[in-house]
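# Geometric and topological summary
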Amino acid sequence: PWERQVMEAEILGDLDGAESQRLVRLRRLFAVERPAVREAVLASAAKIVTAEATDLVLGAFEVDDPGVRAASLDALKTIASRRPTADLVPPPLPAARVHAALTRARAATPDGELETLVTWIGAVKATDTRELSPQLRALATHPNVAVRTEARALLREWELEAPSARDPVDNTIPVAALRGL
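What counts, and at which threshold
- Residues numbered from 1 in each chain as written.
- Predicted model: local features only at pLDDT ≥ 70, side-chain atom pairs only at ≥ 80, totals over all residues.
- Heavy atoms only, no water.
- Axes fitted to C-alpha atoms, helices over the stretch in contact; angles between N-to-C directions.
- Helix = DSSP H or I, 4+ residues; strand = E, 2+ residues; numbered from the N terminus.
- Parallel < 35°, antiparallel > 145°, perpendicular 65-115°, else oblique.
- Contact = heavy atoms within 4.5 Å.
- Nonpolar A, V, L, I, M, F, W, Y, C, P; charged D, E, K, R; others polar.
- Expected span 1.5 Å × (residues − 1).
- Polar contact = N/O pair within 3.5 Å; in protein donor to acceptor, adjacent residues only side chain to side chain.
- Salt bridge = Lys/Arg side-chain N within 4 Å of Asp/Glu carboxyl O.
- Buried < 20%, exposed > 50% of the residue type's maximum accessible area, 1.4 Å probe, protein only.

### Thoughts on the packing of helix H2 (residues 19-30) against helix H4 (residues 51-59)
- Where H2 contacts H4, the axes come no closer than 11 Å and their chain directions differ by 10 degrees. Overall, the two elements H2 and H4 adopt an arrangement that is roughly parallel. On H4, the residues that touch Leu23, Leu26, Arg27 and Phe30 of H2 are Glu52, Ala53 and Leu56.
- Classifying every residue of the contact of H2 with H4 gives 5 nonpolar, no polar and 2 charged.

### Topic: helix H5 (residues 66-80)
- Taking 1.5 Å per residue, 15 residues should reach 21 Å; H5 reaches 21 Å between its end C-alpha atoms and fits that length.
- Where H5 is buried, its residues contact helix H3 (35-45), H4, helix H6 (95-108) and helix H7 (114-127).
- With a side-chain oxygen lying 3.0 Å from the backbone nitrogen of Gly67, the N-terminal cap of H5 falls on Asp65.

### Some points on the pattern of salt bridges
- Taken as a whole, this structure holds 9 salt bridges when the rule is applied.
- The shortest N-O distance in the salt bridge between Arg25 and Glu8 comes to 2.5 Å. In this pair, Arg25 sits in helix H2 while Glu8 sits in helix H1 (residues 2-14), placing the two residues 17 residues apart along the sequence.
- On the basis of relative accessible area, Arg25 is assigned to the partly exposed category, the value being 28%.
- A salt bridge links Asp111 to Arg106; the shortest N-O distance between them is 2.7 Å.
- Exposure remark for Asp111: the relative accessible area of 44% places this residue in the partly exposed category.
- Overall, the relative accessible area of 15% leaves Arg106 in the buried class.
- Taken together, the salt bridges that share partners define one network made up of Asp64, Arg69 and Glu113.

### A closer look at unusual backbone geometry
- Backbone geometry at Ala18 places phi at a positive 50 degrees, although glycine is not the residue there.
- Tracing the chain through its elements places Ala18 in the loop between H1 and H2.
- Phi at Asp128 is positive, roughly 55 degrees, even though this residue is not glycine.
- Its place among the elements puts Asp128 in the loop between H7 and helix H8 (133-139).

Take a look at the structure:
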């Protein structure tokens with residue numbers, strides 16, 4: 001049955017119109033405590049251009065699940081990347097809630113979740129949340145090259161001081177990780 005719920009959430013995101021009714025159903029589906037269903041709900045909510053859909057995405061940052069956290073970051077990037085068209089003007093993002101959600105997401109993301117860290121950097125960029133530059137500076141010395149490169153690129157784009165590429169990076173493998181090899 002959960003596979004069917006995932007498909008339902010995906011379909012709701014692809015429909016046009018009836019935003020409030022679609023959001024009611026997406027909220028009900030989000031209540032299902034299965035990460036795959038919640039991830040599909042967030043991807044669909046990001047396609048609905050209303051403040052209520054944004055609220056659903058920002059509320060998902062409260063869920064302590066790595067997949068849901070990554071899906072929330074992707075959805076927030078999608079929402080923040082919207083531009084007005086002749087037919088539609090997206091609602092403004094609530095800056096304080098976005099900052100709180102991104103701060104919460106970074107605190108909950110271990111340094112080993114590399115894809116989520118890169119997605120977090122992308123969400124920070126898309127939302128232009130410059131107040132998080134201290135966290136970006138910390139990621140600019142991350143042992144993983146992809147994380148480090150993304151963080152440094154954003155700091156440079158914002159014309160903020162980024163650690164030099166020559167700055168030492170601790171990318172040694174902890175002894176505990178070698179046990180059992």
